[in-house]
Amino acid sequence: MYFASDNAGPAHPKVIEAMTRANEGFAMPYGNDEIMEGVRARLRETFEAPEAAVYLVATGTAANSLALATLSEPWQTAYCSPVAHVYEDECNAPEFYMGAGKLTPVGNSDKITPRDLAAVMGDSADIAVHSAQPGPLTITQATEKGRVYSCEEIAALTEVAARAGQPTHLDGARFANALVALGCKPAEMTWRAGVDAVSFGGTKNGCVGVEAVIFFNPEKAWEFELRRKRGAHLFSKHRYLSAQMQAYLQDDLWLDLARRSNANMGVLSRGMKEIGAVFEHEPQANILFAALPRATHRRLQEAGARYYLHGSIEGDDDEMLSARFVCDWSLPESEISRFLDLARG
């Protein structure tokens, strides 16, 4: 009954097998391995972007931070949701890699609106030298609250950024979950909607630790390479990153795993509704924020359920406490059923 995070789940056996195969013999280092050549070609094909620059790093924080640094100048600010991972959960890594640039939260929700973005981004011509200058927009897909931007919503946001002369980065740590939820193509959710760069996640969806950074305009490629090396994120034994991504993409494993985790959330959320849980938002991917009585949380946690509870387990039994539940691709439906049976009491 492990709902704490999709980071806690195992890597898919095919990913492990690919890393084992890559461990045989010798391969050129620093991303010059033959496997990476195939990965680059496959991602370009997947995104229908034959000129895209494709790179791999081991963590989402590295992917986001290096991408934002490449898209910005130190005197600029990047715009994000106030609950964005880059804003709340990366220990100022984006600002560090941006050369002391800053992040500006937009609105008060996990999803940014064009109106709120336009209000804070403004026109750089009207901003004095004393202030941080407008920089890139970064949006999270799926959001930290488990919601998904439609392709039209993404396009509306990138249009605001483009009018201000700024690029857009998409944090796709759960890119696959959002894509299968929308039923669209990767190109439709990215460059066709005006996105300039994307962090394409694998770690939360069945890999050991690999994320792709894709620039749809390759003119930023060399700068990213330099920043990746200078930032200590260029792996010498890069083939182990390449092998993970190769297995992840082969036979659309990445989509299959995302469908599984989203389907698990569908089972969980339907059951939670039946027992009277109060949802913060209707889940669209594999994350749910919902409130249950404290007594129910106590019963679940004493039985071994793991998830993030917002509040103390001690107190009034009837008080509703919110919690975050995340479904992994590998979670057996029997464990979801067991959890729901316990929740019913």
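Owing to the predicted nature of the structure, the values given are computational and were not obtained by experimental measurement. (Residues numbered from 1 in each chain as written. Predicted model: local features only at pLDDT ≥ 70, side-chain atom pairs only at ≥ 80, totals over all residues. Heavy atoms only, no water.)

**Describing unusual backbone geometry**
Among all residues save glycine, negative phi is the norm, and among peptide bonds the norm is trans.
Phase 1 of the analysis: In this model, Q141 is joined to A142 through a cis peptide bond whose omega is -5°.
Phase 2 of the analysis: Positive phi is not limited to glycine here, since E48 has a value of about 55°.
Phase 3 of the analysis: Relative to the helices and strands, E48 is located in the loop between α2 (34–46) and β1 (53–57). (Helix = DSSP H or I, 4+ residues; strand = E, 2+ residues; numbered from the N terminus.)

**Section: the packing of aromatic side chains**
Phase 1 of the analysis: Following the criterion strictly, the structure yields 14 aromatic pairs and no others.
Phase 2 of the analysis: On the basis of an interplanar angle of 50° and a centroid distance of 5.5 Å, the ring pair of F47 and F175 is categorised as tilted. Residue F47 is located in the loop between α2 and β1, and its partner F175 is located in helix α8 (residues 175–182); the two are separated by 128 residues in the primary sequence. Both residues of the pair, F47 and F175, belong to the buried class.
Phase 3 of the analysis: Ring centres of F47 and F200 lie 5.7 Å apart, and the angle between their planes is 85°; on these two criteria the pair is classed as edge-to-face. Taken together, the positions of F47 in the loop between α2 and β1 and F200 in strand β6 (residues 197–201) put the pair 153 residues apart, joining distant regions of the chain. The exposure classification of F47 matches that of F200, with both residues buried.
Phase 4 of the analysis: Through a chain of ring-to-ring contacts, three or more aromatic side chains come together here, namely F47, F175, F200, F216, Y248 and W254.
Phase 5 of the analysis: Over the ring of Y149 we find K111, and its NZ or CZ is 5.4 Å from the ring centre.
Phase 6 of the analysis: The ring centre of F289 lies 4.2 Å from the NZ or CZ of K145, which sits over that ring. (Phe/Tyr/Trp six-rings, centres within 6.5 Å; stacked < 30°, edge-to-face > 60°. Buried < 20%, exposed > 50% of the residue type's maximum accessible area, 1.4 Å probe, protein only. Lys NZ or Arg CZ within 6 Å of the ring centre and 35° of its normal.)

**A few points about the environment of T158**
Phase 1 of the analysis: Mapped onto the fold, T158 is located in helix α7 (residues 151–163).
Phase 2 of the analysis: Among the residues examined, T158 registers a relative accessible area of 7% and is labelled buried.
Phase 3 of the analysis: Separated by 153 residues in sequence, T158 and S5 have C-alpha atoms that sit 30 Å apart.
Phase 4 of the analysis: Sequence-distant contacts of T158, that is, excluding residues within four places in its chain, are made with T168, A193, G194 and V195. (Contact = heavy atoms within 4.5 Å.)

**Regarding the sheet that holds β6**
Phase 1 of the analysis: Spatially, seven strands are ordered β1-β7-β6-β5-β4-β2-β3 in an open sheet, and the strand pairing comes out mixed. Strand pairing shows two members of the sheet lacking a second neighbour, β1 and β3 (102–105), which therefore form its edges. Averaged over all neighbouring strand pairs, the angle between strand axes comes to 25°, with direction disregarded.
Phase 2 of the analysis: Both strand β2 (residues 76–80) and β3 contribute to a ladder of four bridges, which runs parallel. Note that in β3 the partner of C80 across the bridge is P105.
Phase 3 of the analysis: Lying over the sheet, α7 contacts β4 (133–140) and β5 (168–172), oriented at roughly 170° with respect to β4. (Pairing = 2+ DSSP bridges. Axes fitted to C-alpha atoms, helices over the stretch in contact; angles between N-to-C directions.)

**What to know about the sheet that holds strand β8 (residues 278–279)**
Phase 1 of the analysis: Here four strands make up an open sheet; going across it, the order is β8-β9-β11-β10 and the pairing antiparallel. In the strand order of this sheet, the two ends are held by β8 and β10 (308–309), each with one partner.
Phase 2 of the analysis: Bridge count for strand β9 (residues 287–293) against strand β11 (residues 320–326) is seven bridges, and the pairing is antiparallel. Note on β11: the bridge partner recorded for F289 is R324.
Phase 3 of the analysis: Packed on one face of the sheet, helix α12 (residues 253–274) meets β8, β9 and β11 and runs near 25° to β9.
Phase 4 of the analysis: Packing against the sheet, helix α13 (residues 294–302) makes contact with β9, β10 and β11, and its axis sits at approximately 115° to β9.

**Section: the nonpolar core**
Phase 1 of the analysis: Judged by nonpolar contacts, the single largest core of 59 residues is most densely connected at L43, F200, I214 and M245.
Phase 2 of the analysis: Among the elements that line this core, the one with the most residues is helix α11 (residues 239–249), at seven residues.
Phase 3 of the analysis: Setting aside chain neighbours within four positions, we find F200 in contact with L43, F47, G172, F175, E211, A212, I214, M245, Y248, L249 and W254.
Phase 4 of the analysis: Counting residues in each nonpolar core, the second largest holds 23 residues, with V57, L66, A84 and L103 among its members. (Core = buried A, V, L, I, M, F, W, Y, C linked by side-chain atoms within 4.5 Å.)

**Concerning the pattern of salt bridges**
Phase 1 of the analysis: Summed over the entire model, instances satisfying the criterion amount to 16 salt bridges.
Phase 2 of the analysis: Two residues, R192 and E48, come together in a salt bridge whose shortest N-O distance is 2.7 Å. Taken as a pair, R192 in the loop between α9 (186–189) and β6 and E48 in the loop between α2 and β1 lie far apart in primary sequence, 144 residues in all.
Phase 3 of the analysis: Ionic pairing is found between R344 and E274, a salt bridge with its closest N-O pair at 3.7 Å. (Salt bridge = Lys/Arg side-chain N within 4 Å of Asp/Glu carboxyl O.)

**Regarding α8**
Phase 1 of the analysis: Taken as a whole, α8 has its buried residues at F175, A176, N177, A178 and L179.
Phase 2 of the analysis: Buried residues belonging to α8 abut β5, α9, β6, α11 and α12.
Phase 3 of the analysis: Taken from the residues just after α8, G183 is the one with a positive phi, measuring 70°.

Remember, this is a structural readout, not a statement about activity or role.
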